[in-house]
Amino acid sequence: MKKEFAVIGLGRFGGSIVKTLAEEGLGVLAIDADEDRVNEFARIASHAVVGDTTDENVLRNIGIRNFDHVIVAIGENIQASILTTLMLKELGVGNVTVKAQNDYHEKVLRKIGADFVVHPERDMGRRIAHNIVSNNILDYLELSDEHSIVEIVASQKMNGNSIIDLDIRAHYGLNIVAIKRGNEINVSPQASDLIHKGDILIVIGADSDINRFEKKIVE
């Protein structure tokens, strides 16, 4: 059985989620209070509905509790976001992901039961900032406030050394979880595997350790 998704709020963020899920061949219900937006996604989503999701009857009539995962992508209306999230959890939706506008909004969302909270603008801003300030970091994904997973281009300093030679885990507290070389990817590399200049290392660890590692050995 394919999972069924519902996306509430069809702005730039919610709309991109609908399009991506639809491209993956997944069932997705698109919901918004704006009829023009709903019409825009009528041919993209499996179903598209005009509705005010702060109204519990609307959610019940949609059959929202039958969806495996609901994404609340409501834009600037924080009150609507909170009320919708609260009712989704009260109606028994198992997985609810909500877009937060700020840290206070996130705290409220977590208190009322949101399963996942995302900050797309903040997180994208951080990713762009990391890419701008570093010539070696290709991509950056925040796992928590203090831990991340990054793609780092191996420098000349690392060329020809094995993972155990560099001893990154002991010196920096980081784990290399994969090495990409051209079109090939080495998942869970061995300690004896050699690193070549230009390899892309997928590294996980604390932000402070990643920064220290980059400054000492990557440049």
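Structure: above.
Everything numeric in this text was worked out from a predicted model, so none of it was measured.

> So, the overall build of the chain: which residues are in play, and what are the values?
Scanning the chain from terminus to terminus reveals nine helices and 13 strands. The contacts in the chain between residues at least 6 apart in sequence include a share of 53% that link residues at least 24 apart. Entry remark: accessible area of the chain is about 12,400 Å², with carbon and sulfur atoms responsible for 48%.

> Describe the pattern of salt bridges, with residues and values.
Under the definition given, this model contains seven salt bridges. A salt bridge links Glu106 to Arg110; the shortest N-O distance between them is 2.9 Å. You can see Glu106 and its partner Arg110 sitting in helix α5 (residues 103-111), four residues apart, about one turn around the helix. Overall, the relative accessible area of 43% leaves Arg110 in the partly exposed class. The salt bridge involving Arg212 is made with Asp209; its shortest N-O contact spans 3.2 Å. Placement of the pair is Arg212 and Asp209 together in helix α9 (residues 207-218), with a separation of three residues, close to one helical turn.

> Which residues make up the packing of aromatic side chains, and what are the values?
The relation between two aromatic rings is expressed through the spacing of the ring centres and the mutual angle of the planes. Applying the stated rule across the entire model yields one aromatic pair. Ring centres 5.3 Å apart and planes at 70 degrees place the aromatic pair Tyr172 and Phe213 in the edge-to-face group. One end of the pair, Tyr172, is in helix α8 (residues 168-172); the other, Phe213, is in helix α9, and 41 residues separate them in sequence. Judged by relative accessible area, which is 0%, Phe213 ranks as buried.

> Give me the nonpolar core: which residues, what numbers.
Judged by nonpolar contacts, the single largest core of 21 residues is most densely connected at Ala6, Ile8, Leu59, Ile64, Val70 and Leu88. At the level of elements, β1 (4-8), β2 (27-32), β4 (69-72), α4 (78-90) and β5 (95-99) are the ones that each hand at least two residues to this core. It is α4 that provides the largest number of residues to this core, a total of three residues. In contact with Ile64, other than residues within four places in its own chain, are Ala6, Ile31, Leu59, Val70, Leu88, Leu91 and Val93.

> Explain the packing of α4 against α5 to me, using residue names and the numbers behind them.
Put simply, α4 and α5 touch, their axes get as near as 10 Å, and they point 15 degrees apart. With respect to each other, α4 and α5 are oriented roughly parallel. Between α4 and α5 the crossing geometry is right-handed. Seen from α4, the contacting residues are Ile78, Ser81, Ile82 and Thr85; seen from α5, they are His105, Val108 and Leu109.

> Go over the sheet that holds β4 with me, naming the residues and quoting the values.
Taken in spatial order, the six strands make up an open sheet running β3-β2-β1-β4-β5-β6, and their pairing is parallel. Lying at the two open borders of the sheet, with one neighbouring strand each, are β3 (47-50) and β6 (116-118). Adjacent strand axes in the sheet meet at a mean angle of 15 degrees when their direction is disregarded. As paired strands, β1 and β2 are joined by five bridges and run parallel to one another.

> Describe α4, and please don't skip the residues or the numbers.
For α4, which comprises 13 residues, the first-to-last C-alpha distance of 18 Å matches the rise-based estimate of 18 Å (1.5 Å per residue) to within 8%. For α4, the complete set of buried residues consists of Ala80, Ser81, Thr84, Thr85, Met87 and Leu88. In this structure, the buried residues of α4 make contact with β1, α3 (56-62), β4, β5 and α5. Structurally, the start of α4 carries an N-cap: the backbone nitrogen of Gln79 is 3.3 Å from a side-chain oxygen of Asn77. Count one or two residues on from α4 and you reach Gly92, which has phi positive near 95 degrees.

What counts, and where the lines are drawn
Residues numbered from 1 in each chain as written. Predicted model: local features only at pLDDT ≥ 70, side-chain atom pairs only at ≥ 80, totals over all residues. Heavy atoms only, no water. Helix = DSSP H or I, 4+ residues; strand = E, 2+ residues; numbered from the N terminus. Contact = heavy atoms within 4.5 Å. Areas by Shrake-Rupley, 256 points an atom, 1.4 Å probe, with all protein chains shown as cover. Salt bridge = Lys/Arg side-chain N within 4 Å of Asp/Glu carboxyl O. Buried < 20%, exposed > 50% of the residue type's maximum accessible area, 1.4 Å probe, protein only. Phe/Tyr/Trp six-rings, centres within 6.5 Å; stacked < 30°, edge-to-face > 60°. Core = buried A, V, L, I, M, F, W, Y, C linked by side-chain atoms within 4.5 Å. Axes fitted to C-alpha atoms, helices over the stretch in contact; angles between N-to-C directions. Parallel < 35°, antiparallel > 145°, perpendicular 65-115°, else oblique. Left-handed = near helix turned anticlockwise from the far one by under 90°. Pairing = 2+ DSSP bridges. Expected span 1.5 Å × (residues − 1). Polar contact = N/O pair within 3.5 Å; in protein donor to acceptor, adjacent residues only side chain to side chain.

Just geometry here; none of it tells us what the structure is for.
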